[in-house]
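Below, each chain spelled out in residue letters.
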Amino acid sequence: MLALANNDMVQKLAEPSKIKDVSWIKPGKVAWDWWNDWNIYNVDFKAGINTQTYKYYIDFASKNKVEYVVLDEGWSLEEDIMKHNPNVDLEALIAYGKERNVGIILWSSWMALTKNTDEILKNYANLGIKGFKVDFLDRDDAKMVNSVYDIAQKATNYKLILDFHGMYKPTGIQRTYPNILNFEGVKGLENNKWTPNDDVPLYDCTIPFIRMMAGPMDYTPGAMRNATKSEFKPSHSTPMSQGTRCHQLALYTIFEAPLQMMADSPTAFMKEQESTDFIAKVPTTFDETIALDGEVGKYVSIARRKGNTWYLGAITNWDSREVAIDFSFLEKGKKFQAEIFSDGINADKAATDYKKEIITVDSTTKLKYHLASGGGLAMIIK
């Protein structure tokens, strides 16, 4: 069963890449606007879908070495994405981002993008955007599957990356068209905004064994407002997560997502800079994965390596539990420094509570950690 949490058979069985030069395909993290309802504050301008707000997102991304900012719905007229919202100076934002090494990704409904795909992709590629987040595909019949392949092929002609949101689960196309960096096909964090009775920690501990077998998941983690089971409630403009802060931090290692969203607002992230610094250091692609332990729907712990650095995440459902971490995956004979975020002693009442520590470990180290209800554990080991 544990092997299910590290299985890429679907991708391996897919048609090999049709893109010879993949050097332009850049995975990374994304500062995202929609989940947090453009809710930035302590600023001297009216936050919303406007140029000033997006410059603020770009500044935040640049400061924290976040590769992209997505402009979600509202930057254009949804029925015609060739017509811009007059409050959003897209060309100025692209130039502003380029100066700060931050790429711009544009949201589009599938319907709007397919009205004239070639013209739209060519136009925005020429303006300098890096890709599209395509939404509301909403089905997997032959017409839609063919359309996904068509969009992917045409996007390669203009060196544009893609995130298929509102999408059926992946079927290996990311191997054929590696410019597709992510897919939704998952009940992600956005559902916290309107579904009070969902058991999210249970779901989080289930999908690494099931949905993630099919490929990457645009789950969009990163909530900095975290709630216990009794305190959670939906909120449109100040949304929160079910479970602890460390549960959210661990998802950046556990959930596969070459294009990984940072769902909360820049204001919330900057108030929690220590957590933001940790998230910023976790890569979105890895060289090696080891599923350490877990049981479907109960808990899971996964370690992933990028270069010489290991990243580890563990989460539990609403049941608190002890997890044992065996560091035997580390190279023998070497000492490593582990930066560890674990649930705080009061995380059962204040889900934002965590403890940060830096310790030395090696391949013989074995440690136990207490995961609070809905809790987690996150490490960077180098």
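Refer to the preceding data block for the structure.
Basis of the calculations
Residues numbered from 1 in each chain as written. Predicted model: local features only at pLDDT ≥ 70, side-chain atom pairs only at ≥ 80, totals over all residues. Heavy atoms only, no water. Helix = DSSP H or I, 4+ residues; strand = E, 2+ residues; numbered from the N terminus. Rg over C-alpha atoms; globule rule 2.2 N^0.38 Å. Buried < 20%, exposed > 50% of the residue type's maximum accessible area, 1.4 Å probe, protein only. Contact = heavy atoms within 4.5 Å. Areas by Shrake-Rupley, 256 points an atom, 1.4 Å probe, with all protein chains shown as cover. Lys, Arg positive; Asp, Glu negative; His and termini not counted. Charge placed at Lys NZ, Arg CZ, Asp CG, Glu CD. Axes fitted to C-alpha atoms, helices over the stretch in contact; angles between N-to-C directions. Parallel < 35°, antiparallel > 145°, perpendicular 65-115°, else oblique. Left-handed = near helix turned anticlockwise from the far one by under 90°. Polar contact = N/O pair within 3.5 Å; in protein donor to acceptor, adjacent residues only side chain to side chain. Salt bridge = Lys/Arg side-chain N within 4 Å of Asp/Glu carboxyl O. Pairing = 2+ DSSP bridges. Phe/Tyr/Trp six-rings, centres within 6.5 Å; stacked < 30°, edge-to-face > 60°. Lys NZ or Arg CZ within 6 Å of the ring centre and 35° of its normal.

Enquirer: Please explain the overall build of the chain as it appears in this structure.
Expert: The secondary structure content of the chain amounts to 11 helices and 19 strands. The C-alpha radius of gyration of the chain comes to 20 Å, within 12% of the 21 Å expected for a compact globule of 382 residues. Projected onto the principal axes, the alpha-carbon positions of the chain cover approximately 55 × 50 × 40 Å. Counting over 382 residues, the chain shows a buried share of 56%. Sequence separation of at least 24 residues holds for 74% of the intrachain contacts in the chain that already meet a minimum separation of 6. Total accessible area on the chain is roughly 15900 Å²; 49% of this is exposed by carbon and sulfur atoms. Side-chain charges of the chain comprise 45 positive and 50 negative groups, with the mean position of each set lying 4 Å from the other.

Enquirer: When you look at the packing of helix α2 (residues 51–63) against helix α3 (residues 90–99) in this model, what are you seeing that I'm missing?
Expert: When two helices pack together, their arrangement is captured by the angle between the axes and the distance separating the axes. Two elements in contact, α2 and α3, have axes whose closest approach is 10 Å; the angle formed by their N-to-C orientations is 15°. Between α2 and α3, the interaxial angle falls into the category roughly parallel. In this structure, the crossing between α2 and α3 has a hand that is right-handed. In this structure, α2 contributes T51, Y54, K55, I58 and D59 to the contact, and α3 contributes L93, Y96 and G97.

Enquirer: Quick question: what am I supposed to make of the side chain of Q242 here?
Expert: Structurally, Q242 can be placed in strand β10 (residues 241–242). Judged by its relative accessible area of 3%, Q242 falls in the buried class. Within the local environment of Q242, its side chain forms a polar contact with the backbone oxygen of D198, the two atoms lying 2.9 Å apart. Contacts of Q242, omitting those with residues within four sequence positions, involve N192, T195, P196, D198, D199, V200, P201, A227, F232 and W318.

Enquirer: Before we go on, may I ask you to explain the pattern of salt bridges in this structure?
Expert: One side chain can pair with another of opposite charge once the charged atoms of both are near each other. This model, assessed by the stated rule, comprises 21 salt bridges. Here K154 and D150 are joined by a salt bridge, their closest N and O atoms 3.1 Å apart. In this pair, K154 and D150 both sit in helix α6 (residues 142–157), four residues apart, roughly one turn of the helix. For D150, a relative accessible area of 33% translates into the label partly exposed. Put simply, E331 and K334 hold a salt bridge, and the shortest N to O gap is 3.5 Å.

Enquirer: For this particular structure, what's the right way to read the sheet that holds strand β19 (residues 376–381)?
Expert: Across a sheet, strands are paired by hydrogen bonds formed along the backbone, either parallel or antiparallel in direction. One open sheet accounts for six strands, arranged β12-β13-β14-β19-β16-β17; its pairing is antiparallel. For this open sheet the edge positions go to β12 (288–295) and β17 (354–361), each flanked by a neighbour on one side alone. Neighbour to neighbour, the strand axes of the sheet diverge by 15° on average, direction disregarded. Two strands pair when backbone bridges link them, and β12 and strand β13 (residues 299–306) are joined in this way by seven bridges, in the antiparallel orientation. When the sheet's bridge partners are listed, E288 is paired in β13 with R305. Contacts between helix α9 (residues 245–254) and the sheet are confined to β13, β14 (309–316), β16 (336–343), β17 and β19, with β14 contributing the most and set at about 130° to the helix. On the sheet, helix α11 (residues 273–281) packs against β14, β16, β17 and β19 and is oriented at approximately 130° with respect to β16.

Enquirer: So what exactly am I meant to see when it comes to the packing of aromatic side chains here?
Expert: Here the distance between the centres and the angle between the planes together describe a pair of aromatic rings. Taken as a whole and judged by the stated rule, the model has 15 aromatic pairs. Between the aromatic rings of Y54 and Y57, the centroid separation amounts to 6.1 Å while the plane-to-plane angle is 45°, which identifies the pairing as tilted. Of this pair, Y54 and Y57 both sit in helix α2, separated by three residues, roughly a single helical turn. We note that Y54, like Y57, is buried. With a centroid separation of 4.8 Å and 55° between ring planes, the pair formed by W310 and F329 is classed as tilted. Here W310, found in strand β14, pairs with F329, found in the loop between β15 (321–326) and β16; they are 19 residues apart in sequence, far enough to count as distant. F329 sits in the buried class, given a relative accessible area of 13%. Here the aromatic residues W32, W34 and W194 are joined through ring pairs into a cluster of three or more. Positioned over the ring face of Y96 is R100, at 3.5 Å from the centre of the ring. Lying over the aromatic face of W34, K193 brings its terminal NZ or CZ to 5.2 Å of the ring centre.

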